[in-house]
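What follows is the residue order along each chain.
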Amino acid sequence: MPNADPLLQPYTLRHLTLRNRFLSTAHEPAYTEDGLPKERYRLYHSEKAKGGIALTMIGGSSVVAPDSPQAFGNILLYKDEVVRWLRELADDVHSHGAAVMIQVTHLGRRTSWSKEDWLPVVAPSPVREPAHRAFPKAMEDWDIERIVAAYADGAERVRAGGLDGLELECYGHLIDQFWSPATNKRDDEYGGDLDNRLRFAFQVLRAIRDRVGPDFIVGTRMVCDEDWQRGLSRAEGLEIARRLTASGLIDFVNVIKGHIDTDEALSHVIPGMGARSAPHLDFAGEVRAATKVATFHAARIQDVATARHAIESGKLDMVGMTRPHMADPHIARKVSEGREAEIRPCVGMGYCIDSIYGGQAACIHNAATGREATMPHVVARTTGPRRKVVVVGAGPAGLEAARVAGERGHDVTLFEAADQPGGQIRITAGLQRRREILGIVDWRMAECERHGVAMRFNSYAEAGDVLAEAPDVVVVATGGLPNTGFLDAGEELVTTSWDILSGAAKPADSVLLYDDNGAHPGLTAAEFIAGAGSRLELVTPERTLAPDVGGTSFPAYFRAFSDHGVQVTINLRLESVRRDGNRLVASFLDEYGRRRVEKRADQVVVEHGTLPLDELYFALKPLSANLGAVDYEAMIAGRAQAVRRNPEGRFVLWRIGDAVSSRNIHAAIYDALRLLKDV
């Protein structure tokens, strides 16, 4: 019987039949090598094809010219050698039944001049973009001519590479920089009225069509409302969409609402944790109704139910679930097989996009994403003996270890001292806005139950408890405890961020929060304290606040700080705390001014990472076959561990996550996956 699910219905775009309505929109994971989409890039997209997706878009802004240098690992579409790699990627994706297109752009002002060939950044007008900070040169006639030709050259390489189509990036990039009154101040034939502001876009489209022909699929990912007083209005955005569609030069519109020239603005275009679901979906439906053209859209459509509604209600033709496909590239397959409950959820943390600027994209709780050459998305059942695996600790590391060992088919027992799973994730969820993060725990708990993992809560496991299980493998995932030992004096006087978020301590009237971690925990505690009505000063020894919190994540914190009048002080390092009557005095070192600064408050809260809770590990270490040792070379390469240092040892012992050192959720989960996948 045919499946009536709207998401599983095929869709025809020109000559191309897409097998369902699932789309991964273009984004740049920074997996290129030498600016080319080689093996890692190919495997990342082919995994989604294996998982049943209909269309995957590559090249979050593949650049067409040298004066549009990489901002975050973009594909260099102006290189002839890109064709070979596009062909390999396209062939691989096609072999798994999916289509593949590419996003093409010139970044205009949205990049930096101090990269690659050190050419001036160009834009319609010399209006600086705050996010990338370059001061652009206003384009001359010869700039326009060469860039139009570069777009056509790039499109020809795309077709030669065997891809199914391309989309032009028209939000925050060069083409729509001509459209927007905020960035186009020209008084020539490219500025002023809408006809003039559209001139460059039509020149690009006509040049592309002349090169690739009328049958090649070409679309736009375009802003239809910049939602900004000085920018492109809804009325003009819809009119642009209508004109582009009426021209016959484009085959689809991929709808964007908002502008991206600041981090705060970008956080609304790409909404994160705590934002409402699918905030721009209704607007995308308006664009579809106005243009009568194939309409795509992605913005926090995280769950299958919302995606199904988007198609069934006629708002979209293809629904973009881009970050969800980073969390689980097999969404379509699981839906078609009636396994929706097994889909690993996107929790909206934004670690994927935020980590691009630090190096390469990574999903906060799927360590296989981007590592397909060495890490499995589907853990294979063992072909060897069924082993007894004991895991101690039900934080993210322990739950992942238990899940993977259970999926391998082993007999797994999980000990947890608390009455609930989650560890530090549950503490983080003390802030209401971030409760979505519990999806990381809930999914693993469901998977552990599905694989028959024996759960023992309220069980503080000691060495004897572990040995009584006669284990073959022991995984110590006991996490850590807040580190307050860095203080010269007054450790007993401070409150930790854990105390605040867990409810063990209430925020006082006036609070000093010292954050020497620079990641989410300190800001999460700060937002909680501010929301409780305290007068809060947030102090850090860093030269910037929370350097490990990414651009799409910190705006929500900063909005809360602005709403509650939080004072922020940088460049002060906490050394000691003492009591002065009913108040506390915190003594800081100003390293730059070579002076000490004292601040008074009712409460001093510190966030300085964790120290490993490792007593169990060291108690078991002498009895283990590997004496706790890990073969890092094998671990990095994704090979099985084979360390044997103690011939009398009865079991293999590993410790993972914060039981090793203070890191983050992704590191903990990655530890577990790469050690347990071959057990």
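Just so we're clear, the structure is a prediction, and the values are computed from it rather than from any experiment.

Chemist: Is there a simple way to think about the domain arrangement of the protein chain in this case?
Modeler: Each assigned domain of the protein chain is listed with its residue range as follows: domain 1 (6–346), domain 2 (388–475 + 613–620 + 629–642 + 657–677) and domain 3 (484–608). Measuring from the centre of the C-alpha atoms in domain 2 to the corresponding centre in domain 3 gives 31 Å. Each partner contributes to the interface: domain 2 provides 7 residues, whereas domain 3 provides 8 residues. Carbon and sulfur atoms make up 63% of the area that domain 2 and domain 3 hide from each other, which totals about 790 Å². Considering only the side of domain 2, the residues that lose the most area to domain 3 are Ile-427, Leu-431 and Arg-433, jointly responsible for 60% of the buried surface there. For the salt bridge of Arg-433 with Glu-527, the shortest nitrogen-to-oxygen distance reads 2.8 Å.

Chemist: Sorry, what's going on with empty space enclosed by the protein here?
Modeler: Which parts of space are left empty comes out when a probe the size of a water molecule is rolled across the atoms. Applying the stated criterion across every chain yields a total of 4 cavities of 30 Å³ or more. The volume enclosed by the largest cavity comes to roughly 560 Å³. The wall of the largest cavity is formed by 35 residues, among which Ala-26, His-27, Tyr-171, Ile-270 and Ile-353 lie closest to the centre. Secondary-structure elements contributing two or more residues to the lining of the largest cavity are strand 4 (55–63), helix 8 (263–269), helix 11 (322–327) and helix 13 (351–354). Among the elements that take part in the lining of the largest cavity, helix 11 stands out by supplying 4 residues, more than any other. The class makeup of the residues in the lining of the largest cavity is 20 nonpolar, 9 polar and 6 charged.

Chemist: Just checking my understanding: could you explain the sheet that holds strand 13 (residues 388–392) for this structure?
Modeler: Strands pair in a sheet through their backbones, by hydrogen bonds, and they do so in one of two ways: parallel or antiparallel. Taken in spatial order, the 5 strands line up as 15-14-13-16-27 in an open sheet, and their pairing is parallel. The open sheet has two edge strands, strand 15 (454–456) and strand 27 (652–655), and neither has a second partner. Across the sheet, the mean angle separating the axes of adjacent strands is 15 degrees when strand polarity is ignored. Direction of pairing for strand 14 (residues 411–415) relative to strand 15: parallel, over a ladder of 3 bridges. For Phe-415, the partnering residue across the bridge sits in strand 15 and is Arg-456. Against the sheet, helix 14 (residues 396–407) makes contact with strand 13, strand 14 and strand 16 (473–476), and its axis sits at roughly 165 degrees relative to strand 14, the strand it touches most.

Chemist: How should I be thinking about the packing of helix 7 (residues 234–246) against helix 9 (residues 281–291) in this particular structure?
Modeler: Between two packed helices, both the angle of their axes relative to each other and the distance between the axes serve to describe the pair. The contact between helix 7 and helix 9 brings their axes to 9 Å, and the two run at 45 degrees. What the angle tells us is that helix 7 and helix 9 run oblique. As for how helix 7 packs across helix 9, the hand of that crossing is right-handed. For the pair formed by helix 7 and helix 9, the contact residues are Arg-234, Leu-238, Ala-241, Arg-242 and Thr-245 on the first element and Phe-283, Glu-286, Val-287, Ala-290 and Thr-291 on the second. Residue classes in the contact of helix 7 with helix 9 are distributed as 5 nonpolar, 2 polar and 3 charged.

Each value, and the rule that gives it
- Residues numbered from 1 in each chain as written.
- Predicted model: local features only at pLDDT ≥ 70, side-chain atom pairs only at ≥ 80, totals over all residues.
- Heavy atoms only, no water.
- Domains from an automatic or database assignment.
- Contact = heavy atoms within 4.5 Å.
- Buried area = accessible area lost by both parts, 1.4 Å probe.
- Salt bridge = Lys/Arg side-chain N within 4 Å of Asp/Glu carboxyl O.
- 1 Å grid on protein atoms, 1.4 Å probe; cavity = no way out; pocket = protein on both sides within 12 Å on 5 of 7 lines; lining within 4 Å.
- Points joined across faces, edges and corners; volume = space filled by probe spheres on them.
- Helix = DSSP H or I, 4+ residues; strand = E, 2+ residues; numbered from the N terminus.
- Nonpolar A, V, L, I, M, F, W, Y, C, P; charged D, E, K, R; others polar.
- Pairing = 2+ DSSP bridges.
- Axes fitted to C-alpha atoms, helices over the stretch in contact; angles between N-to-C directions.
- Parallel < 35°, antiparallel > 145°, perpendicular 65-115°, else oblique.
- Left-handed = near helix turned anticlockwise from the far one by under 90°.

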